[in-house]
Amino acid sequence: MGEFTRIARIEALLKRASNDVLVGIGDDCAVLTGSLHPRVWTVDAAVEGVHFSRAIMTLEDVGYRSFMAAVSDVAAMGGRAVAAVSALILPTSLHDDELHQLVSGLARACDACACPIVGGNLARGSELSLTTSVLGECAGRVITRSGARPGDHVYVTGTLGGSALGLHALLAGRRECAEKYLAPRARLDLAGKLASIASAAIDISDGTLQDLGHLCTASGVSARLEATLLPLESADIARGFGLDPVTLALEGGDDYELLFTSAQDVPWATRIGSIHEGAGVQVLETDGHARRTSRGFDHFS
């Protein structure tokens, strides 16, 4: 199909009714309704060979995962996702049925997040890439990375290390524990609760240590984590692969859980450490000694 036929097909797959959208796909710009609440805005890219490999995942997985990664940033600010735009760079080798799979994954993620794609761009390029920009809205206080204070607890939602474990499983030709890698979930379901209890927050995309380090730098504090408190994903399966589940939890990326600090007790999240004066992140083993660690993913290291 040519460019404009493809755009029409994409519009048919993605068009959704929304009270936030006055004009969606098909015009020079989307038009959204006004809001009395603060709005947050993010952008994220997924590039073949860097963020995903078609050798181990379907194109529907690629579309779904790329959208969830972008929306996760909105959740970390305590917001709901309002609308998104998506720019697709398609190699000439990508067939029409493959494009349908890719956009079907985007549509599935849109429905899961109640966030329509209202516009975007389509272009030809040497590699497949998806760039997603999401507009969110915070009905309560906007949560940033810079509010953590000594005496706060460090919390995470869900379990850690599942996405890194899933990637190892897929590379080994196994899919039975790959769900968190293939289909991560942006924690919009918990984002609204952050406004009343969180002093700072970030989503876990580059690894717990890396992202907690960003939060500590922004807040001008240090953190101390306890390895025994980490909520590990499928620890026995990880050990069966010869992997350390604690290392996966600390250094593996793409979990897209929420990591936040609070002075309160939070029963719906797991406390994994505490905030102190100083700088950096330290991980303590059972015997109280500091664990030797490395940081998470860095595009340019």
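This text goes with the structure placed above it.
Residues numbered from 1 in each chain as written. Predicted model: local features only at pLDDT ≥ 70, side-chain atom pairs only at ≥ 80, totals over all residues. Heavy atoms only, no water.

Bringing the overall build of the protein chain into the picture now. Broken down by element type, the protein chain carries nine helices and 12 strands. When each of the 301 residues of the protein chain is scored for burial, the buried share is 49%. If you take every contact in the protein chain between residues at least 6 apart in sequence, the share linking residues at least 24 apart comes to 85%. As displayed, the protein chain offers around 13800 Å² of accessible surface, 51% of which is attributable to carbon and sulfur atoms. (Helix = DSSP H or I, 4+ residues; strand = E, 2+ residues; numbered from the N terminus. Buried < 20%, exposed > 50% of the residue type's maximum accessible area, 1.4 Å probe, protein only. Contact = heavy atoms within 4.5 Å. Areas by Shrake-Rupley, 256 points an atom, 1.4 Å probe, with all protein chains shown as cover.)

This next bit is on the pairing of strand β11 (residues 270–276). Taken together, the four bridges between strand β7 (residues 153–156) and β11 define a ladder with antiparallel strand orientation. Following the sheet pairing, His153 is matched in β11 by Ser274. Of the pairings in the sheet, the one linking strand β9 (residues 222–226) to β11 comprises four bridges and is antiparallel in character. Bridge pairing in β11 places Leu225 opposite Gly273. (Pairing = 2+ DSSP bridges.)

Across the interface, helix α2 (residues 59–76) lies against helix α3 (residues 96–113) with an axial gap of 6 Å and an inter-helix angle of 35 degrees. For the pair α2 and α3, the sense of crossing is right-handed. Only Glu98, Gln101, Leu102, Ser104, Gly105, Leu106, Arg108, Ala109, Cys110, Ala112 and Cys113 of α3 make contact with α2, whose side of the interface consists of Leu59, Glu60, Asp61, Val62, Gly63, Tyr64, Ser66, Phe67, Met68 and Val71. (Axes fitted to C-alpha atoms, helices over the stretch in contact; angles between N-to-C directions. Left-handed = near helix turned anticlockwise from the far one by under 90°.)

Glancing now at the sheet that holds β9. Taken together, the six strands give an open sheet; going across it, the order is β8-β10-β7-β11-β9-β12, and neighbouring strands pair in mixed fashion. Each edge of the sheet is formed by a strand with only one pairing partner; in this case those strands are β8 (200–203) and β12 (280–284). With direction set aside, neighbouring strand axes in the sheet form an average angle of 25 degrees. Against the sheet, α2 engages β8 and β10 (258–262), with an angle of about 170 degrees to β8. Across the sheet, helix α7 (residues 208–219) lies against β7, β8, β9, β10, β11 and β12, angled at about 150 degrees from β8, the strand it touches most.

With that settled, the discussion passes to the pattern of salt bridges. For the structure on display, the rule yields 18 salt bridges. Across the salt bridge formed by Arg6 and Asp96, the nearest N and O atoms sit 3.0 Å from each other. Placement of Arg6 in helix α1 (residues 3–14) and of Asp96 in helix α3 is noted, with a sequence separation of 90 residues between them. Judged by its relative accessible area of 12%, Arg6 falls in the buried class. Between Glu137 and Arg80 there is a salt bridge whose closest N-O contact spans 3.4 Å. (Salt bridge = Lys/Arg side-chain N within 4 Å of Asp/Glu carboxyl O.)

Scanning all chains against the criterion turns up zero disulfides. No disulfide involves Cys110; its nearest neighbouring cysteine sulfur is the one of Cys115, lying 6.1 Å away. (Disulfide = S-S within 2.5 Å.)

In this section: the pairing of β9. Strand direction decides the pairing type here: β9 and β12, joined by five bridges, are parallel. Considered in β12, the bridge of Arg224 is made with Gln282.

Take the packing of aromatic side chains next. A complete count under the given rule lists two aromatic pairs for this structure. A centroid spacing of 5.4 Å and a plane angle of 20 degrees characterise the contact between Tyr155 and Phe260, whose relative ring orientation is stacked. One end of the pair, Tyr155, is in strand β7; the other, Phe260, is in strand β10, and 105 residues separate them in sequence. Classification of Phe260 as buried rests on a relative accessible area of 0%. Grouped by ring-pair contacts, the aromatic residues Tyr155, Phe260 and Trp268 constitute a single cluster. (Phe/Tyr/Trp six-rings, centres within 6.5 Å; stacked < 30°, edge-to-face > 60°.)

Bringing α7 into the picture now. Helix length check: α7, at 12 residues, gives a terminal C-alpha distance of 16 Å against a target of 16 Å (1.5 Å per residue), a fit within 8%. In terms of burial, α7 is largely enclosed, as nine of its 12 residues are buried. Regarding α7, the residues found buried are Thr208, Leu209, Gln210, Asp211, Leu212, Gly213, Leu215, Cys216 and Ser219. Backbone geometry just after α7 places Gly220 at a positive phi near 70 degrees. (Expected span 1.5 Å × (residues − 1).)

What follows concerns the environment of Leu59. Positionally, Leu59 belongs in helix α2. With relative accessibility at 5%, the residue Leu59 sits in the buried group. For the pair Leu59 and Ala87, spaced 28 residues apart in the sequence, the C-alpha separation amounts to 16 Å. Look past the residues within four positions of Leu59 in its chain and what remains in contact with it is Arg54, Leu94, Glu98, Gln101, Leu102 and Leu128.

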